[in-house]
Amino acid sequence: MESSDSDFNRLLKQFVSYPKGSASDWKSHYKPLVDSVIVHLEKTDPIVSVIVVAYRSSEILLDCLERIRNQEEIDNSDIELILVDNTGIESLRPYLNKLVDIEIRMRGNAHLCRARNLGATYAQSKIINFIDDDGLIYPDYLKNGL
């Protein structure tokens, strides 16, 4: 495992510049860091895309995702929930297919900013909200934000 971690860390050092252009340019840029992208439910025309980056998260991540799913006065079809799995949440994966729309599994910890940038490239909404993996939001959080 150590050699793959050091290989990944060496790869990370290559990402010091950023592309100029479309979301597809950004996806191509970060492609070497991504293990897989799983679309559990494709949303059409969501009002808001919520991006959560998780790294070595505990079960509080599931509480976070459930609170996003259970927002007041906003239909679930209007919320696109994107999870960037920055590794360390393998034990929680069996629960994710019912909670997230898009799951992006990274090869290693790509760090928060890169992971957020990548999550944003998959967002279908013009409004993007970032919530930390331990963020336990109020039931009216998204309504008030919108």
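These remarks concern the structure in this document. Every value quoted in this text rests on a predicted model; they were computed, and no experiment measured them.

## Concerning the overall build of the protein chain
Here comes step 1: The secondary structure content of the protein chain amounts to six helices and five strands.
Here comes step 2: Going residue by residue from the N terminus, the α and β elements of the protein chain occur as α-α-β-β-α-β-α-β-α-β-α.
Here comes step 3: Taking 146 residues into account, the globule formula puts the C-alpha radius of gyration at 15 Å, and the protein chain, at 15 Å, falls close to it.
Here comes step 4: A total of 146 residues make up the protein chain; the buried ones form 45% of that total.
Here comes step 5: Long-range contacts, defined as pairs at least 24 residues apart, comprise 72% of the intrachain contacts of the protein chain with a sequence gap of at least 6.
Here comes step 6: About 8,300 Å² of surface is accessible on the protein chain, with carbon and sulfur atoms providing 47% of the total.
Here comes step 7: Charge centroids of the protein chain, computed over 17 positive and 23 negative side chains, lie 7 Å from each other.

## Side note on unusual backbone geometry
Here comes step 1: One non-glycine residue, Asp-45, adopts positive backbone phi at about 60°.
Here comes step 2: Note that Asp-45 resides in the loop between β1 (34-39) and β2 (48-54).
Here comes step 3: By relative accessible area, Asp-45 is classed as exposed at 69%.
Here comes step 4: Even without being a glycine, Arg-56 presents a positive backbone phi close to 50°.
Here comes step 5: Secondary-structure assignment places Arg-56 in the loop between β2 and α3 (60-69).

Each value, and the rule that gives it
Residues numbered from 1 in each chain as written. Predicted model: local features only at pLDDT ≥ 70, side-chain atom pairs only at ≥ 80, totals over all residues. Heavy atoms only, no water. Helix = DSSP H or I, 4+ residues; strand = E, 2+ residues; numbered from the N terminus. Rg over C-alpha atoms; globule rule 2.2 N^0.38 Å. Buried < 20%, exposed > 50% of the residue type's maximum accessible area, 1.4 Å probe, protein only. Contact = heavy atoms within 4.5 Å. Areas by Shrake-Rupley, 256 points an atom, 1.4 Å probe, with all protein chains shown as cover. Lys, Arg positive; Asp, Glu negative; His and termini not counted. Charge placed at Lys NZ, Arg CZ, Asp CG, Glu CD.

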